[in-house]
Amino acid sequence: MEELAARIARYVGRCIPDADEVEVKELERIHGGASRETYRLRVTFRQAGSSQQRRLILRRDPAGSLIETDRATEYRAYQAFYGTSVPVPEPLWLEESGEWLERPFFVMEEIQNCEASPAALLLPPYAEHLERIGEQKWRILGEIAAADPVALGLCTTSQLPAAESCWERELGHWEQVIDEDELCPQPIARGAIRWLRRNPPAAAAKLCVVHGDYRTGNFLVAADAEIRGILDWEMTHLGDPLEDLAWSINRIWCWARDDRVGGLLSRERAIAIWEEASGLRAEPAALRWWELFASVKASAIWISSGREISDAKSKDPVLAFTAWWLPNAQDRVTLETLGRFS
Amino acid sequence: MKPDVDRVLQLLSETLMFDLAPKLQDGYAQSTAQITAMLLTAATEEWDRGAQRRFDENAAIRALFREALGVVGKPALRSDLEASLKPSDANIRISALERENNELRRVLIRLHAHVEELEGEAARSLEDGIWAELLESTVRRKISIAPF
């Protein structure tokens, strides 16, 4: 860790103008998403004769991860939403070479004194505010859906996918992940994929920024129950806003082990809040399609975690735990969504 | 091996979770130790049932294949169904049962896709039977710490 701290200090010294005596302190790795190594640190320096400090989060590409994504896309999403009604940490520096820390990484300001862990949110002081947290969660998701990706600078109009076929692109992508990474046959996921292809959804009502992993566990909540930051944009892309809504209400995230989606709100309430904030309607047949798709996508991610361990690309027990803990539960969610659970 | 393997795994899990993890100063190391303890808990659960659940599932899939022979007319698929009916040998190592299970489930996927395209009551009944077996397969694999 000492060597890593020294290397980060050299990098930060280059990024902050006129900074001297840059030191990295309290560097610690945290569980901040399995797709990148995440570190929390405090950097101290002297600037214009006075002592300064900043608390930062550094996200570095790992050797192995659940999701192979472009860190620049994730970084641009933080840039696009920073300062809007969608709370995100301030993105500071993106480094795409391996020159400084062997692998690409980016740095953000730390949003302090918050909690993200779903298990912690079910305990005091958050437990009595779950409804309020849920209301914010789906209101913010509605605001992401309402945002114009062209106006945010994330794409040009010509780069938007076709509203009629964005489902096909997403399904094809995650089916390919299963094809490449499965360690054993997946009859439930394959059955779901066939159903999805036989019953395509209506065209997207609009094309928007899809967070890609919007769930309890990927946002920061302060002790006053205010959501201060939406995190983990590594799977962000442009597409149908129902994709995010469906992902957010998947039963696999029912952390309270009851019917409250995300462990926070009733499904109906979450959808109603999202509809009001987005100005869109969650048409039931299309939402059901995206809910089943969400289970296929989740299965693909859990399958990939098993592949990483099996091929010795990663030694992270979190990936082994994911591969044992979630695929069968996800299959059961798939069966429930298909109406095949009894 | 005595004490039984599942008892020892349980002991290791509890030691890691309740004795060692709380003493680790580094937060990342502590949560990694806790996750490792939970993996040991899952391994404890799987230890005793691992062979039986594969044996049961392979028999259940073969029963479906026997039923399917009365429904499926496609020669290549019929041939694969017939070839899959006989258990390969008396090897009951988990790795051998798993290989057999994988082969059976590959044929099951093809059968399932084919039956979905067929019309008639017998095809629907077989399709329902396949989905019921797939649900049962998730019950066999369920671990107590799973979220659903």
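Keep in mind that this is a model prediction, so the values were computed, not measured.

**Q** Quick question: what am I supposed to make of the overall build of chain B here?
**A** Along chain B, the regular secondary structure elements total five helices and zero strands. For chain B, whose C-alpha radius of gyration is 21 Å, the value lies well above the compact-globule estimate of 15 Å for 148 residues. A principal-axis box enclosing the C-alpha atoms of chain B has dimensions of 65 × 30 × 20 Å. Counting over 148 residues, chain B shows a buried share of 43%.

**Q** Explain the pairing of strand 2 (residues 37-47) of chain A here, please?
**A** Residue and element names in this part refer to chain A. Of all eleven residues making up strand 2, eight are buried, and the element is well covered by its neighbours. In this sheet, strand 2 lies alongside strand 1 (residues 19-30) in antiparallel orientation, the contact comprising eight bridges. What sits directly across from lysine 25, in strand 2, is arginine 42. Bridge count between strand 2 and strand 3 (residues 50-60): eleven bridges; the pairing is antiparallel. Residue pairing in the sheet places threonine 44 in a bridge with glutamine 53 of strand 3. Between strand 2 and strand 3, which follow one another and run antiparallel, lie two residues, and alanine 48 among them has a positive phi close to 50 degrees.

**Q** When you look at the interface of chain B and chain A in this model, what are you seeing that I'm missing?
**A** Many analyses report the size of an interface as the accessible area lost when the parts associate. Residue-level contacts link 33 residues of chain B with 35 residues of chain A. Looking only at chain B, the three residues that lose the most surface to chain A are Tyr28, Trp131 and Phe148 of chain B, adding up to 27% of its buried area. Here chain B and chain A share four salt bridges between them. Between arginine 340 of chain A and glutamate 127 of chain B there is a salt bridge; the shortest N-O distance is 3.8 Å. Put simply, chain B and chain A have twelve residue pairs in polar contact (both at pLDDT 80 or more) between them. Elements with a contribution of two residues or more to the side of chain B that touches chain A: helix 2 (27-68), helix 4 (94-117) and helix 5 (121-141) of chain B. Among the residues forming the side of chain B that touches chain A, the class breakdown is 17 nonpolar, eight polar and eight charged.

**Q** What is the right way to look at the environment of aspartate 26 of chain B in this model?
**A** Residues and elements named next belong to chain B. For aspartate 26, the position within the fold is in the loop between helix 1 (5-20) and helix 2. Aspartate 26 gets classed as partly exposed once you look at its relative accessible area, which sits at 35%. Of note is the side chain of aspartate 26, whose polar atom sits 2.7 Å from the backbone nitrogen of alanine 29.

**Q** I'm lost on the packing of helix 1 of chain B against helix 2 of chain B in this one. Help?
**A** Helices that pack against each other are described as a pair by the angle of their axes relative to one another and the distance between those axes. All names here are of chain B. The contact between helix 1 and helix 2 brings their axes to 8 Å, and the two run at 165 degrees. By the angle between their directions, the pair helix 1 and helix 2 is classed as roughly antiparallel. Judged by the twist between their axes, the crossing of helix 1 over helix 2 is left-handed. Contacts from Val5, Asp6, Leu9, Gln10, Leu12, Ser13, Leu16 and Met17 of helix 1 reach helix 2 at Ala33, Gln34, Thr36, Ala37, Met38, Leu40, Thr41, Ala43, Thr44, Trp47 and Asp48.

**Q** How should I be thinking about unusual backbone geometry in this particular structure?
**A** Phi is mostly negative for residues that are not glycine, and the peptide bonds are mostly trans. Put simply, proline 124 of chain A and proline 125 of chain A share a cis peptide bond, and its omega is 5 degrees. Relative to the elements of secondary structure, proline 125 of chain A occurs in the loop between helix 3 (118-121) and helix 4 (130-146). Here lysine 2 of chain B and proline 3 of chain B are connected by a cis peptide whose omega angle stands at 0 degrees. Examined against the element boundaries, proline 3 of chain B turns out to sit in the segment before helix 1.

**Q** Looking at this model, I keep getting lost on the nonpolar core. Mind explaining?
**A** In summary, soluble globular proteins display a tendency toward joint burial of nonpolar side chains. In terms of nonpolar packing, the biggest core is built from 114 residues, with Trp138 and Trp233 of chain A together with Leu111 of chain B touching the most fellow members. Element by element, the count of residues in this core is highest for helix 9 (residues 284-310) of chain A, at 13 residues. Every residue in contact with tryptophan 138 of chain A, bar those within four places of it in the chain, is listed here: Leu245, Ser248, Ile249, Val261, Gly262, Leu264, Leu265, Ala270, Ile273 and Trp274 of chain A.

**Q** For this particular structure, what's the right way to read the environment of alanine 96 of chain B?
**A** Position of alanine 96 of chain B among the secondary structure elements: in helix 4. As a C-alpha pair, alanine 96 of chain B and alanine 37 of chain B span 59 residues in sequence and 28 Å in three-dimensional space.

**Q** Explain helix 10 (residues 317-325) of chain A here, please?
**A** Every α-helix carries 3.6 residues per turn, so stepping three or four residues along brings you back to the same face. When helix 10 of chain A is considered as a whole, its buried residues turn out to be Val318, Leu319, Ala320, Phe321, Thr322 and Trp325 of chain A. Looking at the buried side of helix 10 of chain A, the elements it contacts are helix 9 and helix 11 (327-337) of chain A together with helix 2 of chain B. N-cap assignment for helix 10 of chain A: the residue whose side-chain oxygen lies 2.9 Å from the backbone N of valine 318 of chain A is aspartate 316 of chain A.

**Q** Would you explain the packing of aromatic side chains in this entry?
**A** Residues and elements named next belong to chain A. Summed over all chains, the structure comprises 17 aromatic pairs over all chains. Taking the centre distance of 5.3 Å and the plane angle of 80 degrees together, the rings of tryptophan 290 and phenylalanine 293 count as edge-to-face. Of this pair, tryptophan 290 and phenylalanine 293 both sit in helix 9, three residues apart, roughly one helical turn. Pair check on accessibility: tryptophan 290 and phenylalanine 293 agree, each one buried.

**Q** Teacher, can you tell me more about the side chain of arginine 140 of chain B here?
**A** Residues and elements named next belong to chain B. For arginine 140, the position within the fold is in helix 5. A residue is classified by how much of its surface remains accessible, and arginine 140, at 15% relative accessible area, is buried. Residues contacting arginine 140, with those up to four places away along its chain left out, are Arg49, Arg53, Asp56, Glu57, Ala60 and Glu133.

What counts, and at which threshold
Every chain's residues receive numbers from 1 upward, in the order its sequence appears when written. The naming scheme follows written order: chains are lettered A onward, ligands numbered 1 onward. Note on the predicted model: pLDDT of at least 70 is required for a residue's local features to be given, and 80 or more for side-chain atom pairs to be given and counted; whole-chain, interface and lining totals, by contrast, use all residues. Side-chain numbers come from the whole structure's heavy atoms, not from hydrogens or water. Numbering of helices and strands runs from the N terminus; a helix is a DSSP stretch of H or I covering at least four residues, while a strand is a stretch of E covering at least two. Only C-alpha atoms enter the radius of gyration; for comparison, a globular chain is expected to reach 2.2 Å times N to the power 0.38, where N is the number of residues. Working definition: with a 1.4 Å probe on protein chains only, accessible area under 20% of the residue-type maximum means buried, over 50% means exposed, and in between means partly exposed. Note on pairing: two strands pair once DSSP finds at least 2 bridges between them. It only takes one pair of heavy atoms within 4.5 Å for two residues to be counted as in contact. Throughout, the accessible surface (probe 1.4 Å) given up by two parts as they are put together, summed over both, is called the buried area. In the sections that follow, a salt bridge refers to a side-chain nitrogen of Lys or Arg positioned within 4 Å of a carboxyl oxygen of Asp or Glu. Here a polar contact is taken to be a pair of N or O atoms separated by no more than 3.5 Å, where protein atoms must pair a possible hydrogen donor with a possible acceptor and residues adjacent in sequence count only if both atoms sit in side chains. Residue polarity is assigned by list, with Asp, Glu, Lys and Arg as charged and Ala, Val, Leu, Ile, Met, Phe, Trp, Tyr, Cys and Pro as nonpolar; anything else, Gly included, falls into the polar class. Under this scheme, a helix contributes an axis fitted over its contacting stretch, all axes are lines through C-alpha atoms, and angles between N-to-C directions fall in the 0 to 180 degree range. What sets the label is the angle itself: under 35 degrees gives roughly parallel, over 145 gives roughly antiparallel, 65 to 115 gives roughly perpendicular, and the rest give oblique. Helix crossings fall into two classes, left-handed where the near helix is turned counterclockwise from the far one by less than a right angle and right-handed where it is turned clockwise. Side-chain atoms within 4.5 Å link the members of a nonpolar core, which is a set of buried Ala, Val, Leu, Ile, Met, Phe, Trp, Tyr and Cys residues. Planes of paired rings set the category: under 30 degrees apart is stacked, over 60 is edge-to-face and the rest tilted, where pairs are Phe, Tyr or Trp rings (Trp by its six-membered ring) whose centres lie within 6.5 Å.

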